[in-house]
Amino acid sequence: MVRFILTKLVMAAMVALTVSIISFGLVYMAGDPAIALAGETATDEEIAVIREQYGFDRPIPVQYLDWLGNAVRGDFGISYYYNMPVSDMIFSRLGTTVTLGLCAISFALLISLPMGVLSAIKPNSLLDRVAVFIAVVGEAIPSFWFGLLLIVLFSINLGWLPASGSDSWQSFIMPTIVLGYYATPALMRLTRAGMIDVLSSDYIRTAKAKGLRPRKVLFKHALRNAVIPVVSLAAVQMGFMLGGSIVTETVFALHGAGFLAWQSISRNDLSTMQALILIFSMFYIVFTFLADVLNAWLDPRLRSG
Amino acid sequence: MSLKRFLSAGAIALALPATASYADKANDTAEIVFMRDLDNPDLYYSTARSAVIAGFQAFDTLFYRDTETGEYVGNLATEWEWTDDVTLKVVLREGVTFHNGEAFNADDVVFTFEHFGGPDGVAKGRPGFNWIESVEKVDDYTVIFHAKAPFPAAMAYLAMSNYIYPNEYYAEVGSSKFAEKPVGTGPYMFDSIDPGKGYVLKANPNYFEGPKHKAQIGTINVRTIPDVNTQLAEMIGGNADFLWNIPEDQAQKLQSSGRAEIINAGAVRVGYITMDAAGRTDPEGPFTKKEVRQAVSYAIDRQAIKQALLSEANTVIDSACNPVQFGCETDVTKYEYNPEKAKELLAAAGYPDGFTTKFYAYRDRPITEAMLNMLAEVGIKTELTYMQYAATAEAHGKGEIPITFLTWGSGSITDVSAITSRFFKFESRDDARDEEVKQWLDEGDSSVDPEVRKAAYSKALKKIADEAYWLPLWTYSINYALSDELDFVPTEDEVVRFYDMSWK
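Reading the values: the criteria
Residues numbered from 1 in each chain as written. Chains lettered and ligands numbered in written order. Predicted model: local features only at pLDDT ≥ 70, side-chain atom pairs only at ≥ 80, totals over all residues. Heavy atoms only, no water. Helix = DSSP H or I, 4+ residues; strand = E, 2+ residues; numbered from the N terminus. Buried < 20%, exposed > 50% of the residue type's maximum accessible area, 1.4 Å probe, protein only. Contact = heavy atoms within 4.5 Å. Areas by Shrake-Rupley, 256 points an atom, 1.4 Å probe, with all protein chains shown as cover. Lys, Arg positive; Asp, Glu negative; His and termini not counted. Charge placed at Lys NZ, Arg CZ, Asp CG, Glu CD. Patch = residues over 30% accessible without salt bridge, like charges linked within 9 Å, V, L, I, M, F, W, Y side chains within 5 Å. Salt bridge = Lys/Arg side-chain N within 4 Å of Asp/Glu carboxyl O. 1 Å grid on protein atoms, 1.4 Å probe; cavity = no way out; pocket = protein on both sides within 12 Å on 5 of 7 lines; lining within 4 Å. Points joined across faces, edges and corners; volume = space filled by probe spheres on them. Nonpolar A, V, L, I, M, F, W, Y, C, P; charged D, E, K, R; others polar. Pairing = 2+ DSSP bridges. Axes fitted to C-alpha atoms, helices over the stretch in contact; angles between N-to-C directions. Disulfide = S-S within 2.5 Å. pLDDT = per-residue confidence, 0-100. Phe/Tyr/Trp six-rings, centres within 6.5 Å; stacked < 30°, edge-to-face > 60°. Lys NZ or Arg CZ within 6 Å of the ring centre and 35° of its normal.

Caption draft 1: Expanded view of the overall build of chain A. Of the regular secondary structure elements, chain A holds 14 helices and zero strands. Each helix and strand of chain A, placed in order from N terminus to C terminus, yields the pattern α-α-α-α-α-α-α-α-α-α-α-α-α-α. In terms of principal-axis extent, the alpha carbons of chain A reach across some 85 × 55 × 30 Å. Within chain A, buried positions represent 48% of all 305 residues. Counted over contacts in chain A with a minimum sequence separation of 6, partners at least 24 positions apart contribute 72%. Total accessible area on chain A is roughly 14,600 Å²; 69% of this is exposed by carbon and sulfur atoms. For chain A, the distance from the average site of its 21 positive side-chain charges to the average site of its 19 negative ones is 27 Å.

Caption draft 2: Up close: a nonpolar patch on the surface. Taken together, A:Met1, A:Trp297 and A:Leu298 make up a surface patch of nonpolar side chains, about 320 Å² in accessible area. Relative to the elements of secondary structure, A:Leu298 occurs in helix H14 (residues 270-298).

Caption draft 3: Empty space enclosed by the protein, seen in detail. Residue and element names in this part refer to chain B. Tallied over the entire structure, the rule returns seven cavities of 30 Å³ or more. The calculated volume of the largest cavity comes to roughly 90 Å³. Around the largest cavity sit Phe56, Tyr64, Arg65, Tyr72, Ala156, Ala159, Met160, Ser412, Ile413, Thr414, Asp493 and Arg497, which together line it. If you list the elements that add at least two residues to the lining of the largest cavity, you get strand S2 (63-65) and helix H5 (154-160). Per-element accounting of the lining of the largest cavity gives the leading share, three residues, to H5. Its residues assigned to classes, the lining of the largest cavity shows seven nonpolar, two polar and three charged. In this model, the second largest cavity occupies a volume close to 60 Å³. Broken down by secondary-structure element, the contributors of at least two residues to the lining of the second largest cavity are strand S9 (198-203) and strand S10 (219-224). When residues in the lining of the second largest cavity are grouped by element, the largest group, three residues, is from S10.

Caption draft 4: Layout of the layout of surface pockets. Its boundaries defined by the atoms lining it, the second largest pocket holds a volume of some 640 Å³. Lining the second largest pocket are 19 residues, and of these A:Thr43, B:Asn130, B:Phe151, B:Lys425 and B:Glu427 lie nearest its centre. Elements with a contribution of two residues or more to the lining of the second largest pocket: helix H3 (44-53) of chain A together with helix H14 (420-423) and helix H15 (435-446) of chain B. Here the lining of the second largest pocket gets three residues from one element, more than from any other, and that element is H15(B). Taken together, the residues that form the lining of the second largest pocket break down as six nonpolar, five polar and eight charged.

Caption draft 5: Molecular detail of the sheet that holds strand S12 (residues 261-275) of chain B. All names here are of chain B. Reading across from one edge, S8-S9-S10-S1-S11-S16-S12-S15-S13-S14 is the order of the 10 strands in this open sheet, with mixed pairing throughout. What marks the edges here is a single partner per strand, and that holds for strand S8 (188-194) and strand S14 (380-386). Sheet twist, expressed as the average angle between the axes of neighbouring strands with direction ignored, equals 25°. In the sheet, strand S1 (residues 29-34) pairs with strand S11 (residues 242-244) via two bridges, with the strands oriented parallel. Within the sheet, the bridge partner assigned to valine 33 lies in S11 and is leucine 243.

Caption draft 6: Main features of the pairing of S9(B). All names here are of chain B. Sheet topology places S8 next to S9; six bridges connect them, and they run antiparallel. When the bridges of S9 are listed, aspartate 194 appears paired with glycine 198. Note: S9 against S10, five bridges, orientation antiparallel. From the neighbouring strand, lysine 202 faces S10, where its bridge partner is threonine 219.

Caption draft 7: Structural detail: the pattern of salt bridges. If you walk through the whole model with that rule in mind, you get 32 salt bridges over all chains. Residues joined by salt bridges that share partners form a network here, namely B:Lys425, B:Lys438, B:Asp442 and B:Asp445.

Caption draft 8: How the structure looks around the state of the cysteines. Residues and elements named next belong to chain B. On inspection of all chains with the given rule, the structure shows one disulfide over all chains. With a sulfur-sulfur separation of 2.0 Å, cysteine 321 is cross-linked through a disulfide to cysteine 328. With the S-S bond torsion at 85°, the cross-link from cysteine 321 to cysteine 328 turns out right-handed. The exposure classification of cysteine 321 matches that of cysteine 328, with both residues buried.

Caption draft 9: Representation of the confidence of the model for chain B. All names here are of chain B. With 95% of its residues at a pLDDT of 70 or more, chain B shows a mean pLDDT of 91. Of all helices and strands in chain B, the one with the weakest mean pLDDT is helix H1 (residues 3-13) (54), whereas helix H9 (residues 290-299) scores best (97). Overall fold confidence for the complex sits at a pTM of 0.85, while the interface term, ipTM, reaches 0.83.

Caption draft 10: Seen up close, the sheet that holds strand S6 (residues 132-139) of chain B. Residues and elements named next belong to chain B. Pairing is antiparallel in the open sheet, where four strands are placed in the order S4-S5-S7-S6. Two strands in the sheet have a free side with no partner beyond their single neighbour: strand S4 (77-84) and S6. Within the sheet, the average angular offset between the axes of one strand and its neighbour, ignoring direction, is 20°. Sitting on the sheet, helix H4 (residues 106-117) touches strand S5 (87-92), S6 and strand S7 (142-147), and the angle it makes with S6 is about 165°.

Caption draft 11: Focus on the packing of aromatic side chains. All names here are of chain B. Counting across every chain of the model gives 50 aromatic pairs over all chains. For the ring pair tyrosine 298 and tyrosine 335, a centre distance of 5.2 Å and an interplane angle of 75° mean the geometry is edge-to-face. Here tyrosine 335 lies in the loop between helix H10 (302-309) and helix H11 (339-348) and tyrosine 298 lies in helix H9, a separation of 37 residues in the sequence. Using a relative accessible area of 13% as the deciding quantity, one classes tyrosine 298 as buried. Judged by its relative accessible area of 5%, tyrosine 335 is buried. Lying across the ring of tyrosine 476, arginine 363 places its NZ or CZ 4.4 Å from the centre. Directly above the ring of tyrosine 386 sits arginine 365, whose terminal nitrogen or CZ lies 4.6 Å from the centroid.

Caption draft 12: View of the pairing of strand S15 (residues 403-408) of chain B. Residues and elements named next belong to chain B. By the criterion of burial, S15 is predominantly enclosed, with six of the six residues buried. The alternating pattern of S15 places Ile403, Phe405 and Thr407 on one face and Thr404, Leu406 and Trp408 on the opposite face, and all of these are buried. Pairing of strand S13 (residues 355-361) with S15 involves two bridges; the strand directions are parallel. Among the inter-strand pairings, alanine 361 is bridged to a residue of S15, identified as phenylalanine 405.

Shown next, in the form of structure tokens:
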């Protein structure tokens, strides 16, 4: 088990490094950061001054190693635009993103677990069809558009919820639904498949034959086993929620790290962008790692893989 | 129209039967929604438009450009005189105080220009400082500017973005603290700033009687909402009084909803196509031939594009400048849409079957594609490279672009030196490299006699049009959306003046 964890850790670190190298390169392909930073009306001379001032004139690998060296020590530098330490900016906004992520994954589980179980009890029934339909819609609908529909309904027509901002708990309701709905289909399908699988297994038949009450068979014997892969998928989805809330936060002007990512991307704010990419990928890597470990702990067959 | 725009427009259309409550007038608070936030409230560290807008409300410049007459009048200055071509003597307004109570005097002016613009100046955008050799204090209310060379556009810069900072307060708190609580002399005072989210301004009750008048609305709440559709939802829902830069199709929807008044006003920004006449991409490239550049100019139906894809306030232009800018000669060679003539010119240039070229662009994709189709009709086939502005500007500066569609906002400076002189004086983005044009522009840029300047710029702009170095396209415009309680008249310099806003 220790060896398994160490292997996974090394792989996780390699993934994080690769992501940061690729993103650093991509940022440079999107244009000279000095030109973006100097503003449209800057002269050649002014751009040259900024290029030198911020060290953009050095070879890209040198800049990257310099950045990496500082990042490893927790120093993400100063935002070129806000003139504030990047780590302060990110951590002041991370709370909003984490809150949203936790709300969204809870919402997703609240929807997907009961629906997955119900549709597994009676596969191919009307209820199952409805559940599948909801899942397909959730998978297909673009989140910015779903968010807009909710705004139209709840903010404009009904006037119940604020369309934008992050000042009250009401501001989190619509973003939670949008982000959570995105994670629902996968969780629901896995619950359904797991339940169908478990319900047809021998020990369930034995439990039923012993005359246990159906509810006890369902929840104590079946769900507990069927839910194991769902827990690890939920961990992975949580990584998605934290790193993938850029669109949702931008649509609702929710003042989290995803919104900051949009702001820094649209301004070529290299240092903030790099830090966020690293942090977002770390979220994903850490949660995927946790899911792997959890799965291996629950199922020894996976440890050798 | 992209899928996103299509779906979004549909969603907003569903919102029409809404009921809304407008409560802002009762609180005397105008809700302003911008797409981009104020990145650094220590404004000299920002080159963003949002900083210019904040600067106009909370700070003052020495001069002010009257937007109706175009004349420069005193603001923090009361009298001024060019004692020779390079010396500007300015008498300052007495009795003005900064928002923190600090008295305004010559030390503040000298500090501002030395700290941000001097040899070690820290300002990020410096065109407003580059012309200054030094600033000298004569007495508490008199300063003298020494220019490096005659610089006729000095007043334009001094009136636009050289906000006067309080020297004592800034020295005491430093840049980062100043960014938390900026202090100026302007009609509005910063009340609070939430970085990335927005800021709140309160009317300055002690504002002096100058060309910018006192604020008429007590509180201005500026919020950042990046998504245009969410902005529209806030306006329809009665939670916004003012939106800015709304795309034309969305503006029409909002107008038809009856929930907002849309004002479409002109802007300094112009669009243009520039071609590699100097042969930097290829010494034998097609655009080194005048006939080919003229063919491009005849091939594009700018009026049709304007009617189909732009709005009322956009004007088709023929000179390499905006007609509102000083020195912008409009009596130049015009290229009316004439595809047959374009084909003839191509044949005369040795391209009877046309040719294929790379075409770069960074904005207005539907317009770009319309132009490319028009070029294809006369035989100029294009491979579109669509990139971010910084990437396009970088490639252009390196001389790697044969033909590109760009726009230029001149930093809202209404003087030809802020546009034509920037692109035709052998800087990296000069595609023409025409010695004669450069000489005329130098003459216009360095004379303080308006007539001499006009004559010099006229010659340069006429030659640029004759040679078809650029195909000037149109001026841009901006859609402003106002709630039915707010009164506001936009200005053509794209600076939103909150102190001009009032309740109906």
